[in-house]
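If you want the building blocks of each chain, they are given just below.
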Amino acid sequence: MLQGAGSSVRRLGVLSGHLTRHAVSAAAGRKFDYDLIVVGGGSGGLACSKEAAMLGKKVAVLDFVSPSPQGSTWGLGGTCVNVGCIPKKLMHQAALLGQAVRDASAYGWRLPDSVSHSWELLTAAVKNHIRSLNWGHRVQLKEKNVDYFNAQGSFIDCHTLESLSKDGSKAQLTSEYFVLAVGGRPRYPDDVPGAREFGITSDDLFFLQKPPGKTLVIGASCIHSHHK
């Protein structure tokens, strides 16, 4: 389940309107560190930042992944790259290959009677591919002269963010405009006894040390449909 997606959008809309109403008067005659700061380094945030930079704007991106309750965390690129579309498609392809092997004899292929699969090799290959995409996104930002901060951001005023890095260091960044592209994270249904103790979310599925076997998926959103 994505945490309050509709309410989050409404809250962001209210915040955006509040900032916009004060922007013109507050920005008059003031110099900023950036023309645009994007908070969130997923598909939307990265695309926005690179397009703005290509139009000649000075841009920064803040991205930080808080660990899931199970301790999972990842790099730049958002849900799709790290715990969504990309690893799902790779694992789905592995499953299709397994089915093809089982069907191969009916099409004339002579294979050993026993064919095994290594979960460890699969997950290592998936992780290596994702790391290459994480690095690729950082390279693209650098090539577009977009500053990247692996940090959380919180508003101090209409044109000032305070960044908080993993090591606890803080810095203030100013910008004329901001884009909030923070996406969503799964949440545990706290009204369901045992959910945290015995369940995992899509944030943790691709970090399992062994195959999950038969799995009950609770929810029917886009993410759940992908992972089932």
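Look a little higher up for the structure.
Along each chain, the written sequence defines residue order, and numbers are assigned to residues from 1. Given that the model is predicted, a residue must reach a pLDDT of at least 70 before its local features are reported, and side-chain atom pairs must reach 80 or more before they are shown or counted; all residues, however, enter totals for whole chains, interfaces and linings. Each side-chain value is worked out from all heavy atoms of the structure, with water and hydrogens disregarded.

Enquirer: Tell me about the side chain of Lys50, residues and numbers included.
Expert: Inspection of the secondary structure puts Lys50 in helix H2 (residues 43-54). The classification of residues rests on relative accessible area computed with a 1.4 Å probe and restricted to protein chains. Under 20% of the type maximum is buried, over 50% is exposed, and intermediate values are partly exposed. Positive charge is attributed to Lys and Arg, negative charge to Asp and Glu, and no charge count is given to His or to the chain ends. Salt-bridge detection follows one rule: a side-chain nitrogen of Lys or Arg within 4 Å of a carboxyl oxygen of Asp or Glu. Among buried charged residues, Lys50 stands out as having no salt bridge; its nearest opposite-charge side chain is Glu51, 7.9 Å away. Helical segments are the DSSP runs of H or I of at least four residues, strand segments are the runs of E of at least two, and each set is numbered from the N terminus.

Enquirer: Can you explain the packing of aromatic side chains? Please cite residues and give values.
Expert: Aromatic contacts are taken between Phe, Tyr and Trp rings whose centres are within 6.5 Å, Trp giving its six-membered ring; a plane angle under 30 degrees counts as stacked, one over 60 as edge-to-face, and the others as tilted. Within this structure, the stated rule accounts for two aromatic pairs. Ring centres 6.4 Å apart and planes at 15° place the aromatic pair Trp74 and Phe207 in the stacked group. Highlighted residues: Trp74 in the loop between strand E2 (59-62) and helix H3 (78-83) and Phe207 in the loop between helix H6 (195-198) and helix H7 (222-227), separated in sequence by 133 residues. We classify Phe207 as partly exposed; its relative accessible area is 25%. Taking NZ or CZ as reference, Lys58 lies 5.3 Å from the ring centre of Tyr34, over its face. Two conditions define a charge located above a ring, namely a distance within 6 Å from the ring centre to NZ of Lys or CZ of Arg, and an angle within 35 degrees of the ring normal.

Enquirer: Could you give an account of the pattern of salt bridges, with specific residues and numbers?
Expert: Here the structure, examined in full by the defined rule, presents two salt bridges. Between Arg185 and Asp203 there is a salt bridge whose closest N-O contact spans 2.7 Å. Placement of the pair is Arg185 in the loop between strand E6 (170-180) and H6 and Asp203 in the loop between H6 and H7, with a sequence separation of 18 residues. Among the residues examined, Asp203 registers a relative accessible area of 4% and is labelled buried. Note that Arg196 and Asp190 form a salt bridge whose closest N and O atoms lie 3.0 Å from each other. For Asp190, a relative accessible area of 59% corresponds to the exposed category.

Enquirer: Mind laying out the sheet that holds strand E1 (residues 34-39), listing which residues take part and the relevant values?
Expert: Spatial strand order, E3-E2-E1-E6-E5-E4: six strands in an open sheet with mixed pairing. With one partner strand each, in any of the chains shown, strand E3 (147-149) and strand E4 (151-157) form the two edges of the open sheet. Between one strand axis and the next, the sheet turns through 40° on average, direction left out of account. For two strands to pair, DSSP has to find at least two bridges joining them. Strand direction decides the pairing type here: E4 and strand E5 (residues 160-165), joined by six bridges, are antiparallel. Residue pairing for E5: Asp157 is matched across the bridge by Thr160. Any two residues whose heavy atoms approach within 4.5 Å at even a single point are treated as in contact. Under this scheme, a helix contributes an axis fitted over its contacting stretch, all axes are lines through C-alpha atoms, and angles between N-to-C directions fall in the 0 to 180 degree range. Most of the contacts of H2 go to E1, to which it runs at about 170°, and overall it touches E1, E2 and E6.

By themselves these figures say nothing about function.
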